[in-house]
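Descriptive analysis of the structure
So you can see what is in the structure, the chains are spelled out below.
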Amino acid sequence: MYTQGLDIPGGEPGAGNSAAKGKPQTTEPAELQADFDAKMAADRKIEPQDWMPEAYRKTLIRQISQHDHSEIVGMLPEGNWISRAPSLKRKAILLAKVQDEGGHGLYLSSAAETLNASRDDMIDALQTGKAKYFSIFNYSTPTWAAVGVIGWLVDGAAIMNQIPLCRCSYGPYARAMIRICKEESFHQRQGLELLLNMMQGTEAQRAMVQEAVNRWWRPVLMMFGPPDAESVHSSQAQAWGIKRISNDDLRQKFIDAAVQQAEVLGVGFPDPDLKWNAERGHHDFCAIDWDEFWNVVGGNGP
Ligand code: FAQ
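Throughout what follows, the structure given in this document is the object of discussion. Along each chain, residue indices are assigned from 1 in the same order as the chain's sequence is written. Only residues with pLDDT of at least 70 are given local features in this predicted model, and only at 80 or more are side-chain atom pairs given and counted; all residues enter the totals for whole chains, interfaces and linings. Working from all heavy atoms in the structure, the side-chain values ignore hydrogens and water.

1. What about the nonpolar core?
Membership of the largest hydrophobic core comes to 50 residues, with the highest contact counts inside it found for W152, W216, V220, F254 and F269. Breaking this core down by element, the ones donating at least two residues are α5 (88-113), α7 (144-162), α8 (171-199), α9 (203-222), α11 (247-265) and α12 (290-297). A run of DSSP states H or I qualifies as a helix once it reaches four residues; a run of E qualifies as a strand once it reaches two. Both are numbered from the N-terminal end. With 12 residues, α7 is the largest single contributor of residues to this core. Two residues qualify as a contact provided that any one of their heavy atoms is within 4.5 Å of a heavy atom in the partner residue. In contact with W152, other than residues within four places in its own chain, are Q188, G191, L192, L195, V213, A258, Q261, A262, L265, V267 and F269. To form a nonpolar core, buried Ala, Val, Leu, Ile, Met, Phe, Trp, Tyr and Cys residues must be joined to one another through side-chain atoms within 4.5 Å. Think of it in three bands: residues with accessible area under 20% of the maximum for their type are buried, residues over 50% are exposed, and the middle band is partly exposed, with areas taken using a 1.4 Å probe on protein chains only. Counting 26 residues, the second-largest nonpolar core is a separate cluster that includes M40, M52, I64 and C181.

Take a look at the structure:
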């Protein structure tokens, strides 16, 4: 596993960025741990110069670097469409969006570097398969409508997942997420607006939108990660204030919001079980194919 397998150079075991100012008052492990625990209990931020447990540091490097890789790999399916955008306006919007994703990758690499992770090691972990990137970016974009669906649903799911990360216990990650979320909301809006335009167009354009929604809906639901019962990192990440809301709860919030937006757009989702459950106060939806998810994560996707 990446958190255990990657030997990141620099810093004493358990230290943050030792080059930074503000040395701890004590070097006794029990006192350092007690100080860290007190910050967690008080919901205070951990900063690079603070002492932190080695497992906390490695968990953050795993998550932040995978997030970074997802932003960079996520540029590829949309980048393909820049030279084929149907108008100057759409081309300018798409160019700005793809550049933003590259910028997000840079903020995140910088946040990981404050934990003494080197960019070379992070890239190496990606290329040797130790580090992951979001499974969604393995799905293809054969039509212009897919570009709109990426904005509406993929960025929409990303925002749902990333807003709670603005309150992450690690300061540099939390602060990077605030700016990223602002930019992601432009990305989601441009996708929705692109699709609204197409839905007001010809029959063929409406069919193209529905076809793209049909292909992307289920993979988008997988973006939130495995079900809580199978999420190996969740309980520790929640105890450390890295993860604030569980995978399943975020997925449910996203579905409830997306159903309302689909009504405005005039598209349906390919799920016969999708219906409002008054007792739960949420929409029910059909089982997700987790074998497909793990296959795609393992490199055997489309
Ligand atoms: N794809 O125990 P958990 C964007 C892995 S991109 C692939 O639940 P955790 C830019 C997970 O890593 C959005 N693998 O793990 C854009 C772990 O494997 P590991 C990027 C996944 O960390 C948009 C294993 O499954 N956002 O916005 C996925 O507690 C549009 C067990 O999972 C982030 O990265 C997946 N979807 O929770 C660009 C958000 N999900 O590491 C262009 C930050 C899980 O043991 C167009 N990350 N896995 O080998 C997180 O919030 C968390 O890491 C989760 C997973 C929620 C993704």
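Moving on from the coordinates now.
2. Some details on the pattern of salt bridges
One speaks of a salt bridge when a side-chain nitrogen belonging to Lys or Arg is within 4 Å of a carboxyl oxygen belonging to Asp or Glu. Counting across every chain of the model gives 16 salt bridges. Across the pair E78 and K97 runs a salt bridge whose closest N-O atoms are separated by 2.9 Å. Here the residue E78 occupies a position in helix α4 (residues 75-79), and K97 occupies one in helix α5, the gap between them amounting to 19 residues. By relative accessible area, which is 1% here, E78 ends up buried.

3. Things to note about the packing of helix α3 (residues 54-73) against α8
Inter-axis angles, ranging from 0 to 180 degrees, are taken between N-to-C directions of lines fitted to C-alpha atoms, where helices are fitted over the stretch in contact. One way to put it is that α3 packs onto α8 with a least axis distance of 13 Å and a crossing angle of 25 degrees. Between α3 and α8, the angle falls in the class roughly parallel. Classified by chirality, the crossing of α8 by α3 is left-handed. Contact residues: α3 offers L60, Q63, I64, H67 and E71, while α8 offers Y173, M177, I180 and E184. Charged means Asp, Glu, Lys or Arg here, nonpolar means Ala, Val, Leu, Ile, Met, Phe, Trp, Tyr, Cys or Pro, and polar covers whatever is left, Gly included. When grouped by side-chain class, the residues that make up the contact of α3 with α8 number five nonpolar, two polar and two charged. For this classification, under 35 degrees means roughly parallel, over 145 means roughly antiparallel, 65 to 115 means roughly perpendicular, and everything else is oblique. Each crossing gets its handedness from the near helix: less than a right angle anticlockwise from the far helix is left-handed, clockwise is right-handed.

4. Side note on α12
Of all the residues in α12, the buried ones are W290, F293 and V296. The buried residues of α12 occupy one face: seen down the axis, they fall within an arc of 125 degrees. The inward-facing, buried residues of α12 abut α9 and α11. Its side-chain oxygen at 3.1 Å from the backbone nitrogen of D291, D289 defines the N-terminal cap of α12. G299, located one to two residues past α12, shows a positive phi value of around 95 degrees. For this quantity, the arc is that covered by the directions from the helix axis to the C-beta atoms. Any N or O atom pair separated by 3.5 Å or less is treated as a polar contact, with the protein-specific requirement of one donor-capable and one acceptor-capable atom, and with residues adjacent in sequence counted only for side-chain atom pairs.

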